[in-house]
Every structure is written in C-alpha cells, then in structure tokens.
Amino acid sequence: MHGYQANLELERREIRDWAGISRPQVYYSLDKLARAGLIRAAESVKPAAGPDRSVFETTIKGRRALAEALERKEWATQRERPPFLTWIALSWQARPGVFRKQIHLRRRFLERELTREKEILRSILEEVGHPNHEAVWMVSLVIEQFKLELKWLSKLAQELPRRAPARHPDYARVEAE
C-alpha cells in the first residue's frame, strides 16, 4: 500500500492508541525503510486516485529484519512508565483538593476509554471472526487494565482521608560534613 493507505489503516485500527506514530512519521518511515532496502516500490494494478503515489511492499531483507527484531528480549522485559503514576508520585506537592479532582478526572477518562475499547473489541471480533487473535488479546488486556485501574482509583478515594506525609523520608535528611 502507499503512505495514505497506511495512515487510513492505522486510523481504522486505532493503532495510535498503543503506538506513538504520527501521519508525517509514516511517510518519513516509509522513506527510511526504502533507503535501508527493507521495503521497495511495487507495481500497482490500480490507477492512483489523485497524485502519483508510491505503493510499497516488504522485501525479503525487511521480513528477515522484522523477524530478528521480534526476537529481542526487550519486548518482554521492559516496564511501562504511565504518566498518571508520575503524577501520583508528585501529587503530594499539589494544592488542597487537586488530588480528589484529578482522581475524578482520571475515573471519567477511564470510563470513556473503557466504553470505547469495548466497542473496538466488538469491531475486531466481527472482523477477525474468532477470539484467538493478537488484536483481540491486546484490546482485552487494555480493557482489563482499565477495569483494574478503576478499582484501584476507588480504593484511593476511600483511603484519601487517611493520606499523610512520609514518617521517615530519606530525602529530608541532611548529611553532616
């Protein structure tokens, strides 16, 4: 497919929810992959609807490079760094009332996203026709993560009245020289 088709497919599959790739990056990446010999311009049997567009296909070298990259252990041994957890870590410095407000905003956001992901899962199941597919597994995990975080937020809201500063903070100790 060509870059425009790739962008449409990324949007249709809502890939940008889990992969940070912009429209311009698609074109940049296609150019870079072509220069590296991992994809090449292919003959298209369809006439271009609009300006000439290069249609690309994967080369043998490209398929081999992908297979090798997928064997790297980093895929399975890295931790995510969710921005909301960074916010939680810094929240002790927020003004009064902000913690409760942000928890409420996060809950509303997660509820909307959970509804959206359930619809995406329904759409995926309709397209692939069975539950044993990578896309089903991925979206199912996201749904379970959202549900778990919503449960955790409820616990935080209950514990909020007992929130207190650290009793023995190492960062507050001053070393005598």
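Residues numbered from 1 in each chain as written. Predicted model: local features only at pLDDT ≥ 70, side-chain atom pairs only at ≥ 80, totals over all residues. Heavy atoms only, no water.

Engineer: Explain the overall build of the protein chain here, please?
Structural biologist: Summing up its helical and strand segments, the protein chain has six helices and two strands in all. If you list the helices and strands of the protein chain from N to C, you get α-α-β-β-α-α-α-α. Here the C-alpha atoms of the protein chain give a radius of gyration of 23 Å, more than 25% beyond the 16 Å that 2.2 N^0.38 yields for 177 residues. Projected onto the principal axes, the alpha-carbon positions of the protein chain cover approximately 70 × 50 × 35 Å. Across the 177 residues in the protein chain, those meeting the buried criterion constitute 21%. For the protein chain, contacts bridging at least 24 residues in sequence account for 50% of all contacts bridging at least 6. Accessible surface, the protein chain as shown: approximately 14600 Å² in total, 56% of it carbon and sulfur. (Helix = DSSP H or I, 4+ residues; strand = E, 2+ residues; numbered from the N terminus. Rg over C-alpha atoms; globule rule 2.2 N^0.38 Å. Buried < 20%, exposed > 50% of the residue type's maximum accessible area, 1.4 Å probe, protein only. Contact = heavy atoms within 4.5 Å. Areas by Shrake-Rupley, 256 points an atom, 1.4 Å probe, with all protein chains shown as cover.)

Engineer: Got a minute to help me understand a nonpolar patch on the surface in this structure?
Structural biologist: Together, Tyr-4, Leu-8 and Tyr-27 give the surface a local cluster of nonpolar side chains, amounting to about 310 Å² of exposed area. With respect to the helices and strands, the residue Leu-8 is situated in helix H1 (residues 3–12). Look at Leu-8 and you get partly exposed, because its relative accessible area is 42%. (Patch = residues over 30% accessible without salt bridge, like charges linked within 9 Å, V, L, I, M, F, W, Y side chains within 5 Å. Salt bridge = Lys/Arg side-chain N within 4 Å of Asp/Glu carboxyl O.)

Engineer: Help me understand the layout of surface pockets in this model?
Structural biologist: Empty space among the atoms becomes apparent when a probe as large as a water molecule is rolled across them. Here the largest pocket is characterised by a volume of approximately 1800 Å³. Along the walls of the largest pocket sit 39 residues, with Asp-17, Trp-18, Glu-80, Val-142 and Gln-145 positioned nearest its centre. Among the secondary structure elements, those contributing two or more residues to the lining of the largest pocket are helix H4 (83–90), helix H5 (98–128) and helix H6 (134–159). The residue makeup of the lining of the largest pocket, split by class, is 19 nonpolar, four polar and 16 charged. (1 Å grid on protein atoms, 1.4 Å probe; cavity = no way out; pocket = protein on both sides within 12 Å on 5 of 7 lines; lining within 4 Å. Points joined across faces, edges and corners; volume = space filled by probe spheres on them. Nonpolar A, V, L, I, M, F, W, Y, C, P; charged D, E, K, R; others polar.)

Engineer: Whenever I open this one, the packing of aromatic side chains confuses me. Can you help?
Structural biologist: To describe a pair of aromatic rings, one takes the distance between the centres and the angle between the planes. Applying the stated criterion across every chain yields a total of two aromatic pairs. Between Phe-84 and Trp-87, the ring centres sit 5.6 Å apart and the planes meet at 15 degrees, which makes this aromatic pair stacked. Linking Phe-84 with Trp-87, this pair stays in helix H4, spanning three residues, or about one helical turn. Cluster of aromatic residues (ring-pair linked, three or more members): Phe-84, Trp-87 and Phe-99. (Phe/Tyr/Trp six-rings, centres within 6.5 Å; stacked < 30°, edge-to-face > 60°.)

Engineer: Please explain H5 as it appears in this structure.
Structural biologist: Note on helix geometry: an α-helix contains 3.6 residues per turn, so any two residues three or four positions apart are oriented the same way. Across its 31 residues, H5 extends 44 Å between first and last C-alpha, which sits within 8% of the 45 Å expected from 1.5 Å per residue. Those residues of H5 lying buried are Phe-99, Ile-103, Arg-106, Leu-110, Glu-113, Leu-114, Glu-117, Ile-120, Leu-121 and Ile-124. In this structure, the buried residues of H5 make contact with H4 and H6. Phi for Gly-129, located one or two positions after H5, is positive at around 80 degrees. (Expected span 1.5 Å × (residues − 1).)

Engineer: Explain helix H2 (residues 23–35) here, please?
Structural biologist: Between its terminal C-alpha atoms H2 stretches 19 Å, which fits the 18 Å expected from 13 residues at 1.5 Å a residue. In the segment just after H2, Gly-37 is the residue with positive phi, at about 80 degrees.

Engineer: For this particular structure, what's the right way to read the nonpolar core?
Structural biologist: General note: in soluble globular proteins, nonpolar side chains tend to be found buried as a group. Ile-103, Val-139 and Leu-153 are the most contacted members of the largest nonpolar core, which has 16 residues in total. In contact with Ile-103, other than residues within four places in its own chain, are Phe-84, Ile-88, Leu-153 and Leu-156. (Core = buried A, V, L, I, M, F, W, Y, C linked by side-chain atoms within 4.5 Å.)

Engineer: Can you help me understand the packing of H4 against H5 in this one?
Structural biologist: Between two packed helices, both the angle of their axes relative to each other and the distance between the axes serve to describe the pair. It is the contact of H4 with H5, at a shortest axis distance of 11 Å, that shows an interaxial angle of 165 degrees. As judged from the angle between their axes, H4 and H5 are roughly antiparallel. Pair H4 / H5 crosses with left-handed handedness. Contacts from Phe-84, Trp-87 and Ile-88 of H4 reach H5 at Val-98, Phe-99, Gln-102, Ile-103 and Arg-106. Residue composition of the contact of H4 with H5, grouped by class: six nonpolar, one polar and one charged. (Axes fitted to C-alpha atoms, helices over the stretch in contact; angles between N-to-C directions. Parallel < 35°, antiparallel > 145°, perpendicular 65-115°, else oblique. Left-handed = near helix turned anticlockwise from the far one by under 90°.)

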